[in-house]
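Per-entry structural report
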Amino acid sequence: MLAYEGTDELIGKNFWDFVHPEDRAMVKKRGMIREQEQTYPENYTFRVVEKDGKTVRWVELCATHAMYMGKPSALASMIDITSSKKADEEIRHLSRRLVKVREEERKRLAGDLHDELGQIITAMHFNLNYLHKAIPSEHKQRCDELVHDVERMADIVRQTTSFLRPSCLDQMVLIPALKRDIAAFKKHQPSICVEFTALGFKKKLLSPEIVLVIYRVFQESLTNIAKHAQATKVDINLTYNHPRVILIIRDNGVGCDGNVNYFKKNSENKGIGLLNMRDRVVSMGGSFDISSPPGKGTTIRADVTTG
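Let me begin by describing the structure that accompanies this report. Computed from a predicted model, the values in this text were never measured in an experiment. Every residue gets a number counted from 1 within its own chain, in the order that chain's sequence is written. Whole-chain, interface and lining totals are the exception, using all residues; otherwise, since this is a predicted model, local features are given only for residues with pLDDT of at least 70 and side-chain atom pairs are given and counted only at 80 or more. Note: side-chain values were computed over all heavy atoms of the structure, leaving out hydrogens and water.

Runs of E in the DSSP output that reach at least two residues are strands. Runs of H or I that reach at least four are helices, and both are numbered from the N terminus. Broken down by element type, the chain carries 6 helices and 8 strands. For the chain, the succession of helices and strands along the chain, N to C, is α-β-β-β-α-α-α-β-α-β-β-α-β-β. Counting every position in the chain, which comprises 307 residues, the buried fraction comes to 33%. Contact definition: two residues touch when any of their heavy atoms are within 4.5 Å. At a minimum sequence separation of 6, the contacts of the chain that also span at least 24 residues come to 58%. Methods summary: accessible areas were calculated by the Shrake-Rupley approach with a probe of 1.4 Å, and residue burial reflects only the protein chains presented. Surface exposure of the chain reaches about 19,300 Å², of which carbon and sulfur atoms provide 54%. Relative accessibility decides the category of a residue: with a 1.4 Å probe and only protein chains considered, values under 20% of the type maximum give buried, values over 50% give exposed, and everything between is partly exposed.

If you want it as structure tokens, here you go:
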């Protein structure tokens, strides 16, 4: 596996001498504990270095304590998982690229709605105001109704463009975006109490990619709560503890069937949003978990490393 020519080059060396320098302390510590017959992870992965001192491979170790000729030893096997690690990294890269393309398309669509449709609505509003002055008084009420409809249309366009691409996210200001959306959520869902806390973000600017991931998970979660949860209370906790950003959203709603596959695309149309959330988080090398026992609400946890 490591390109050595025979046992003569290996016997007498410490096992962890073949381990990548960044993983060596961890592997050595676990090996020493295992020799003392203490339980430790029997399976874990780390990097090893080939004989040339440059080529790095990933291995999965399966080891257990043993006695050999009266001495404490370890019985172990290693599997080369370099190919699967590379495949996972390529999948993560492609997922990140897909998320980026999706966001660029959202941004383009939001810009088109704002510029093209916004100009048309503004012109309609101007012309209706002109007609209001010119037409007989018996028709002014109908004109007023049309003006009201155009104003509603303008509000819908603003809400849609804001949903597709909030302008404050371009400035990497996450907390104000969340607070603004929570205020809007409370306005449209007055029966739901929302508590929001953010810790550890003093003078900390996150990358645009991290901001978008956190915001989209937050956004989709609130949408699901409004549509499905039947909740009366939502707790949102956002924490930055270098190098991790953790978002936890917990509601007291009806929860889900414990046998449901949350990430199945055709699962009552709920899975698409959850799948998108998970893909976004995983594309950044993070983890995404959901817990939703029947009648006990739903908890969503996104954990992303800022690097």
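Still more ground to cover, so stick around.
With that settled, consider the packing of helix 4 (residues 174–188) against helix 5 (residues 208–229). Where helix 4 contacts helix 5, the two axes come as close as 11 Å, and the packing angle between them is 10°. Classified by the angle their axes make, helix 4 and helix 5 are roughly parallel. Touching Leu174, Ala177, Leu178, Arg180, Asp181, Ile182 and Phe185 of helix 4 are Val211, Ile214, Tyr215, Phe218, Leu222, Ile225 and Ala226, all from helix 5. Under this grouping Gly is polar, as are all residues other than the nonpolar Ala, Val, Leu, Ile, Met, Phe, Trp, Tyr, Cys and Pro and the charged Asp, Glu, Lys and Arg. The class makeup of the residues in the contact of helix 4 with helix 5 is 12 nonpolar, no polar and 2 charged. Axis geometry follows a simple rule: fit a line to the C-alpha atoms, using only the stretch in contact for helices, then measure angles between N-to-C directions, giving values from 0 to 180 degrees. Note on terminology: angles under 35 degrees are roughly parallel, angles over 145 are roughly antiparallel, angles of 65 to 115 are roughly perpendicular, and the others are oblique.

Another point: the pattern of salt bridges. The term salt bridge refers to a side-chain nitrogen of Lys or Arg lying within 4 Å of a carboxyl oxygen of Asp or Glu. A full pass over the atoms with the stated rule returns 10 salt bridges. For the salt bridge of Asp23 with Arg47, the shortest nitrogen-to-oxygen distance reads 3.0 Å. Here the residue Asp23 occupies a position in helix 1 (residues 21–35), and Arg47 occupies one in strand 1 (residues 43–49), the gap between them amounting to 24 residues. Accessibility classification places Asp23 together with Arg47 in one group, the buried group. Asp303 is the salt-bridge partner of Arg244, the closest N and O atoms lying 2.4 Å from each other. Of this pair, Arg244 sits in strand 6 (residues 244–251) while Asp303 is found in strand 8 (residues 298–305), placing the two residues 59 residues apart along the sequence. Residue Arg244 is classed as partly exposed on the basis of its relative accessible area, which comes to 35%. Each of the salt bridges in this network shares a partner with another, and the network as a whole consists of Glu22, Asp23 and Arg47.

Okay, the sheet that holds strand 5 (residues 233–241) next. In sheet architecture, strand pairing relies on hydrogen bonds along the backbone and comes in two forms, parallel and antiparallel. When DSSP finds two or more bridges between two strands, those strands count as paired. As summarised here, the arrangement of the 5 strands in space is 4-5-6-8-7, forming an open sheet in which the pairing is mixed. With partners counted over all chains shown, the strands left at the sheet margins are strand 4 (193–199) and strand 7 (287–291), one partner each. Shown here is a sheet whose adjacent strand axes are inclined to one another by a mean of 10°, direction ignored. As defined by bridge partners, strand 6 adjoins strand 8 across 8 bridges and the pair is classed as antiparallel. Across the sheet, Val245 pairs through a bridge with Val304, a residue of strand 8. With respect to the sheet, helix 4 is in contact with strand 4 and strand 5, its orientation differing from that of strand 4 by roughly 175°.

The next subject is the sheet that holds strand 3 (residues 71–80). The strand order across the open sheet built from 3 strands is 1-2-3, with neighbouring strands paired in antiparallel fashion. Edge strands, defined here as strands with exactly one partner in the open sheet, are strand 1 and strand 3. Neighbour-to-neighbour, the strand axes of this sheet turn through a mean angle of 45°, independent of strand direction. Inspection of the sheet shows strand 2 (residues 56–68) paired to strand 3 by 10 bridges, in the antiparallel sense. Bridging from a neighbouring strand, Met67 pairs with Pro72 of strand 3. Each of strand 1, strand 2 and strand 3 is contacted by helix 1, which is oriented at about 130° to strand 1, the strand it contacts most.

Here the focus is the nonpolar core. If you look at the biggest cluster of nonpolar residues, it comprises 38 residues, and the most contacted ones within it are Phe218, Ile225, Ile236, Leu238 and Leu247. For this core, the elements supplying multiple residues, two or more each, are helix 4, strand 4, helix 5, strand 5, strand 6, helix 6 (271–283), strand 7 and strand 8. Sorting elements by how many residues they give to this core places helix 5 first, with 10 residues. Sequence-distant contacts of Leu238, defined by excluding residues within four places in its chain, comprise Leu174, Ile175, Leu178, Phe196, Thr197, Ala198, Leu199, Phe201, Ile214, Val245, Ile246 and Leu247. One finds Phe18, Tyr44, Phe46 and Leu61 within the second-largest nonpolar core, a separate group that totals 11 residues. Take the buried Ala, Val, Leu, Ile, Met, Phe, Trp, Tyr and Cys residues and link them wherever side-chain atoms come within 4.5 Å; each set so joined is a nonpolar core.

Structural measurements only, silent on function.
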